[in-house]
Amino acid sequence: MAEATERIINLALVLAAARGSVDADRIRRDVAGYPPPETQDEEAFKRMLERDKEHLRDAGFSIESDAEGNYRLDAAATFAAPLQFSAAEKVLVRAVGTAMLDDPSFPFAEDLHIALAKLAETDDPTIPAVTARGADEDPGYQAETVASLAGAVSSAKRVSFDYTNSLGQDKHHEVEPYGLFARDGRWYLVGRDTEIDETRTYTVARARRLSVNVARPKSPDFVRPQDFRVETFVRQPFQYGSDDLTVTIDFDPGVAWRADALLGAGPGEERDGGESSVRRTVHVRDRQRLLRWLVENGPGLSVVSPPDLAEELRSGLTLAVEAHGGDEHGTDLR
Amino acid sequence: MARTSADQRARRLLALLHLFEPDARLSIDSLARTLGAGETEITRDLELLSMCAADQRDPNAFVPVMIEDGYVEVFGTLPALETPVRLSAAEVGALAAALQVAGVDADDDLLRRLLEAAAATDVDAASIERALRSTTSGGIEALANITFALHEHRVTHITYHGVGKGIPGDRDIEPLSLHNDKGVWYLRARCRTAGAVRTFRVDRIRTSTVTEEVFEAAGHEPSTTVIDTASLPVARIKLAPGERFSAREWPGVRPVDVAEDGSTVVEVPYAGTGWISRQVLARLGRAEVLSPTIVREAVSDLANDALGR
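Keep in mind that what you see is a predicted model, and the values were worked out from it rather than measured.

Criteria and thresholds
- Sequence order sets the numbering: in each chain, residues are counted from 1 along the sequence as written.
- Working convention: letters from A go to chains and numbers from 1 go to ligands, in the order in which they are written.
- pLDDT decides what is reported in this predicted model: residues at 70 or higher carry local features, side-chain atom pairs at 80 or more are listed and counted, and totals for whole chains, interfaces and linings draw on all residues regardless.
- Hydrogens and water molecules were not included; the side-chain quantities draw on all heavy atoms of the structure.
- Numbered from the N terminus, helices here are DSSP runs of H or I no shorter than four residues, and strands are runs of E no shorter than two.
- Using C-alpha atoms as the atom set, the radius of gyration is obtained and then compared with a globule rule of 2.2 Å times the number of residues to the power 0.38.
- Accessibility here uses a 1.4 Å probe with only protein chains present; expressed as a share of the type maximum, an area under 20% marks a residue as buried, one over 50% as exposed, and anything in between as partly exposed.
- Residues count as neighbours in contact if any of their non-hydrogen atoms are within 4.5 Å of one another.
- Calculation of accessible area relied on Shrake-Rupley with a 1.4 Å probe; when residues are assessed, cover is drawn exclusively from the protein chains displayed.
- For this document, the term salt bridge refers to a Lys or Arg side-chain nitrogen within 4 Å of an Asp or Glu carboxyl oxygen.
- Between N or O atoms, a polar contact is any pair within 3.5 Å; within protein, one atom must be a potential hydrogen donor and the other a potential acceptor, and residues adjacent in sequence are included only when both atoms are from side chains.
- Residues are grouped as follows: nonpolar covers Ala, Val, Leu, Ile, Met, Phe, Trp, Tyr, Cys and Pro; charged covers Asp, Glu, Lys and Arg; every other residue, Gly included, is treated as polar.
- In this scheme, strands are said to pair when DSSP sees at least two bridges between them.
- Here an axis means a line fitted to C-alpha atoms, over the contact stretch when the element is a helix, while the angle between two N-to-C directions is reported on a 0 to 180 degree scale.
- An angle below 35 degrees is treated as roughly parallel, one above 145 as roughly antiparallel, one from 65 to 115 as roughly perpendicular, and anything else as oblique.
- Residues grouped as a nonpolar core are buried Ala, Val, Leu, Ile, Met, Phe, Trp, Tyr and Cys residues, joined through side-chain atoms within 4.5 Å.
- Each residue carries a pLDDT value, the predictor's own confidence for that position, ranging from 0 to 100.
- Two aromatic rings, drawn from Phe, Tyr or Trp (for Trp, its six-membered ring), form a pair once their centres lie within 6.5 Å of each other, and the interplanar angle then sorts them: stacked below 30 degrees, edge-to-face above 60, tilted otherwise.
- Our definition puts a charge over a ring when NZ of Lys or CZ of Arg is within 6 Å of the ring centre and also within 35 degrees of the ring normal.

Novice: Outline the overall build of chain A, supporting the account with residue identities and numerical values.
Specialist: Across its full length, chain A holds ten helices and 13 strands. In terms of overall size, chain A is more extended than a compact globule, its C-alpha atoms giving a radius of gyration of 28 Å where 334 residues would be expected to give roughly 20 Å. When burial is assessed residue by residue, chain A has 49% of its 334 residues classed as buried. Sequence separation of at least 24 residues holds for 58% of the intrachain contacts in chain A that already meet a minimum separation of 6. When the accessible surface of chain A is split by element, carbon and sulfur atoms take 47% of a total near 15,900 Å².

Novice: Which residues make up the interface of chain B and chain A, and what values do they have?
Specialist: Buried accessible area, meaning the area lost when the parts come together, often serves as the stated size of an interface. Listed by partner, the interface residues are 123 residues for chain B and 118 residues for chain A. Where chain B meets chain A, there are seven salt bridges. Between B:Arg248 and A:Asp136 there is a salt bridge; the shortest N-O distance is 3.3 Å. Across the contact surface, chain B and chain A share 39 residue pairs in polar contact (both at pLDDT 80 or more). The element contributing the most residues to the side of chain B that touches chain A is helix H1 (residues 6-16) of chain B, with eleven residues. By residue class, the composition of the side of chain B that touches chain A is 63 nonpolar, 29 polar and 31 charged. As judged from the three bridges shared by strand S6 (residues 170-183) of chain A and strand S4 (residues 132-134) of chain B, these two strands associate in the parallel manner. Looking across to S4(B), one finds that A:Leu180 is bridged to B:Leu132.

Novice: For the packing of helix H5 (residues 87-102) of chain A against helix H7 (residues 140-152) of chain B, give the residues involved together with the corresponding values.
Specialist: In the contact formed by H5(A) and H7(B), the axes pass within 8 Å of each other and the chain directions differ by 90°. Between H5(A) and H7(B), the interaxial angle falls into the category roughly perpendicular. Of the residues in H7(B), those touching H5(A) at A:Ala87, A:Ala88, A:Val91, A:Leu92, A:Ala95 and A:Val96 are B:Ile140, B:Leu143, B:Ala144, B:Thr147, B:Phe148 and B:His151. When grouped by side-chain class, the residues that make up the contact of H5(A) with H7(B) number ten nonpolar, two polar and no charged.

Novice: Could you give an account of the sheet that holds strand S1 (residues 25-27) of chain B, with specific residues and numbers?
Specialist: Residue and element names in this part refer to chain B. The sheet built from three strands is open, its strands ordered S1-S3-S2 with antiparallel pairing. Lying at the two open borders of the sheet, with one neighbouring strand each, are S1 and strand S2 (65-68). Pairs of neighbouring strands in the sheet enclose a mean axial angle of 25°, with direction left out of account. Each of S1, S2 and strand S3 (71-74) touches helix H2 (residues 28-35); the most contacted strand, S1, lies at about 60° to it.

Novice: Report on helix H8 (residues 273-281) of chain B, specifying residues and quantitative values.
Specialist: Those residues of H8(B) that fall on the buried side of the exposure criterion are B:Ile276, B:Ser277, B:Arg278, B:Gln279, B:Val280 and B:Leu281. Contacts from the buried residues of H8(B) go to helix H9 (287-296) and helix H10 (307-325) of chain A together with strand S10 (234-239), strand S12 (264-269), strand S13 (287-291) and helix H9 (293-306) of chain B.

Novice: Account for the nonpolar core, naming residues and giving values.
Specialist: With 74 residues, the main nonpolar core has A:Phe108, A:Leu180, B:Leu95, B:Leu114, B:Leu178 and B:Leu187 as its most contacted residues. Looking at which element gives the most residues to this core, the answer is helix H4 (residues 89-101) of chain B, with eight residues. Ranked by size, the runner-up nonpolar core spans 56 residues in total, among them A:Ala24, A:Phe45, A:Met48 and B:Ala10.

Novice: With reference to specific residues and values, describe the confidence of the model for chain A.
Specialist: In the predicted model, chain A carries a mean pLDDT of 90, and the fraction of residues at 70 or more is 92%. Mean pLDDT per element in chain A: strand S11 (residues 269-270) of chain A is the minimum at 59, and strand S5 (residues 159-164) of chain A is the maximum at 97.

Novice: Any chance you could break down the sheet that holds S12(B) for me, citing the residues and the numbers?
Specialist: Strand pairing within a sheet occurs via backbone hydrogen bonds; the two strands may be parallel or antiparallel. Residue and element names in this part refer to chain B. Spatially, four strands are ordered S11-S12-S10-S13 in an open sheet, and the strand pairing comes out antiparallel. At either margin of the open sheet sits one strand with a lone partner, and together these are strand S11 (254-258) and S13. Across this sheet, the average inter-strand angle for adjacent strands is 30°, counted without regard to direction. Bridging between S10 and S13 involves four bridges; their strand directions are antiparallel. The partner of Leu 239 across the bridge, within S13, is Ala 287.

Novice: Could you give me a rundown of the environment of A:Asp138, with the residues and numbers involved?
Specialist: Note on placement: A:Asp138 falls in the loop between strand S4 (130-133) and helix H7 (139-155). Put simply, A:Asp138 and A:Ile196 are 58 residues apart on the chain and 29 Å apart in space, counted from C-alpha to C-alpha.

Novice: Break down the packing of aromatic side chains for me, with residues and values.
Specialist: Residues and elements named next belong to chain A. Tallied over the full model, the rule gives twelve aromatic pairs over all chains. For the pair Tyr 34 and Phe 45, a centre-to-centre distance of 5.5 Å together with 80° between the ring planes defines the contact as edge-to-face. Linking Tyr 34 in the loop between helix H2 (24-30) and helix H3 (42-58) with Phe 45 in helix H3, this pair joins segments that are eleven residues apart in sequence. For the residue pair Tyr 34 and Phe 45, the accessibility class agrees, reading buried in each case. With centroids separated by 5.9 Å and ring planes inclined at 50°, the aromatic side chains of Tyr 178 and Phe 222 adopt a geometry described as tilted. Taken together, the residues Tyr 178 in strand S6 and Phe 222 in the loop between strand S9 (207-212) and strand S10 (245-251) connect sequence positions 44 residues apart. Residue Phe 222 is classed as buried on the basis of its relative accessible area of 9%. The positively charged end of Arg 7 is found above the aromatic ring belonging to Tyr 34, 5.4 Å away from the centroid. Stacked on the ring of Tyr 141, the Lys or Arg Arg 208 has its end atom at 3.9 Å from the ring centre.

Novice: An account of the side chain of B:Arg11 is requested, with residue identities and associated values reported.
Specialist: Its location among the elements puts B:Arg11 in helix H1. Here A:Asp111 takes part through its side chain, which lies 2.4 Å from a polar atom of the side chain of B:Arg11. The contacts of B:Arg11, once residues within four sequence positions are left out, are A:Asp58, A:Ala59, A:Glu110, A:Asp111, A:Ile114, B:Ser88 and B:Glu91.

Novice: Could you give an account of the pattern of salt bridges, with specific residues and numbers?
Specialist: Counted under the stated rule, the structure contains 52 salt bridges over all chains. Between A:Arg29 and A:Asp30 there is a salt bridge; the shortest N-O distance is 3.4 Å. Salt-bridge contacts for A:Lys53 lead to A:Glu50; the nearest nitrogen and oxygen are separated by 2.9 Å. Residue A:Lys53 and its partner A:Glu50 are located together in helix H3, separated by three residues, close to a single helical turn. Assessed through its relative accessible area of 3%, A:Lys53 is described here as buried. Three or more residues joined by partner-sharing salt bridges are found here, namely A:Arg292, A:Glu296, B:Glu243, B:Glu249, B:Arg283 and B:Arg286.

This is the structure we're talking about:
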């Protein structure tokens, strides 16, 4: 094991220190760790060298080769330029990165460790007190599964898994994974379900016995649609369901500044008056959930249209007043 | 413990090399933390590194490190690789996913500058973000300011829009710790205005200004939970038949009774009446606070306000 690690580092040092190209014979002769010709045939040596170069590419090295078997490190493509970051930006990147490393549900810890090490300027261990817990349901399982799925997304390999939907129904799915997103403590997979030929969203924590197609690992199983953007699948809680309506919401002047934070940046119609209120239109798939969301994020949010939804909100508020208005506790709730 | 592969060990040592400036003295503990490995493992790897060379026949071409008393002493100049290597696509993806949680999007200037300087030339943020998204609440500006203030122990002036408040209010705070819970950033800070330690949602900080004033940072352990529900008062709430509840929405919720008609009584820990009353009101008549009276009245007041009465 130590020999292979040492050999890969030696190869990196030899390529980086060389003024020009280095041929395979010199590598075999000068790089400690490659067995001599007496104990390893040419084909085995070439396979070993190719594997080592692949490892260096995975580490960020850009290695060029020509038809004659010469290798050269492309310094401009390999080495980073100094970062032009302010002190606050440096702290932010380090603090957030460290917080994610502390989070058992963060799926890419190994790569993030390496990234932060490469960006480090000193071994200064003082980092702000920042922690994170991105997922609350089986965080280790979500991290491990998302890491596997992310590999399948980037290499375009088909996956299969058993899935329990929100109604408790179990089914096996074969999916072409297009993308992943995290929201409100859960990771989600978006991909084309090959059986029904539809793009669907799956909650990762509900998927079990995940299997990634390992046949022909370097060959993609599918082509992701050019216009796919995973962010278009990241929706508000009221945008999942079977309702289908368009709702106009007003944010009063005092809370108008929160419209983008709550709904994401989007086209909004600003209205007149002092510090302006903001009017936003949203597509809603669950009207009850929208009303709940409006109250949870209030005061200052109101339904402009459709009028029946505005009335539904009003009657719901009236019911709440009636339930809490008198001395009698334990109303007959419907 | 999982065994680390040879290529992974090589990769993490190569990621560290640029820190080995002549005469540097680096703590193994901190290097181990940087790489997420054990001290023993890193010590063994660094010993191995001391045997690596650009030319095994030249004593000056070895990596000039010596391990002693928990430190790495760098006694010469590296034979090569003194500049950090660019981030691979996988490393950029990991960093982008982490920074998304801080509100840094693909088109953010910070990520653009980072990629230009430090990422492999065939990597672009937009292509990563097409397939990967970690959502977070709130913008990057307040988080960047707060993180900096936390690091520098600086008093910070904020305008904060509290839960249930119609307009933001001004506060001077001493930031103590930050915690991200399911995509929402929470700041624990000593609020000078309130004269007590308070928890603030960062996405409710409308403006933030880091002052020059440095505060005395007493020992404060960052928490991995937002609120310790065990120490909070509880509200007894009756839910209409079929009305669902979960610990994800109401941390620490506990069902205490199910009536014949299917209605459920639950106990919900709460830190302030503002939050719990709004949660109950949001059920629009399908939930009723049975006790305490103060929460019951808060729901009634809130509902009347919303109706403009």
